[in-house]
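Next come the chains, spelled out residue by residue.
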Amino acid sequence: MPIIVDMRLQEISTQLERIKIKLRIEDEARLYLANVGWSSKAGLSLLEPVIREQILRPVSALILDNRLHDGWTVTLEQDDLGQGLVIITTTPPPTPSPP
């Protein structure tokens, strides 16, 4: 897998951590990005549009629509057909109330 995929995902993770959102990436999602983001003719020039369309815009929409909050986790998985990514949001576990 091209190291640039991991580098870009780390950059995105760092950006999300600044607003207290965690990013988790399944191995299948990484492989998907490496496969669709690279071609023998275009090299890695396809990677940025894929990341923008399948990660950045959907996550931004969740934040702007107030459907993703501080402390939550975003998980990237490959869809069942292997044709895209699925974004799953998970809320943090509840904090126990004091006795």
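Our structure is the block above this text.
Residues numbered from 1 in each chain as written. Predicted model: local features only at pLDDT ≥ 70, side-chain atom pairs only at ≥ 80, totals over all residues. Heavy atoms only, no water.

Q: Go over the side chain of Arg 8, please, and point to the residues and values.
A: Inspection of the secondary structure puts Arg 8 in helix α1 (residues 3-18). A polar side-chain atom of Arg 8 sits 2.6 Å from a polar atom in the side chain of Glu 48. Setting aside residues no more than four positions away along its own chain, Arg 8 makes contact with Leu 47, Glu 48, Ile 51 and Leu 56. (Helix = DSSP H or I, 4+ residues; strand = E, 2+ residues; numbered from the N terminus. Polar contact = N/O pair within 3.5 Å; in protein donor to acceptor, adjacent residues only side chain to side chain. Contact = heavy atoms within 4.5 Å.)

Q: Could you give an account of the sheet that holds strand β1 (residues 22-25), naming the residues involved and the relevant values?
A: Read across the open sheet, the three strands follow the order β1-β2-β3; overall the sheet is mixed. If you trace the sheet from one side to the other, it starts and ends with β1 and β3 (85-90), each paired once. Averaged over neighbouring strand pairs, the angle between their axes works out to 20° when direction is ignored. Direction of pairing for β1 relative to strand β2 (residues 73-78): parallel, over a ladder of four bridges. Following the sheet pairing, Arg 24 is matched in β2 by Thr 75. Set on the sheet, helix α2 (residues 27-36) makes contact with β1, β2 and β3; between it and β2 the angle comes to about 60°. Most of the contacts of helix α3 (residues 47-64) go to β3, to which it runs at about 35°, and overall it touches β2 and β3. (Pairing = 2+ DSSP bridges. Axes fitted to C-alpha atoms, helices over the stretch in contact; angles between N-to-C directions.)

Q: Before we move on, could you go through the pairing of β3 and cite the residues and values that matter?
A: Inspection of the sheet shows β2 paired to β3 by six bridges, in the antiparallel sense. Considered in β3, the bridge of Thr 73 is made with Thr 90. Connecting the antiparallel pair β2 and β3 is a turn made up of six residues, with Gly 82 showing a positive phi of about 75°.

In short, geometric facts, not functional conclusions.
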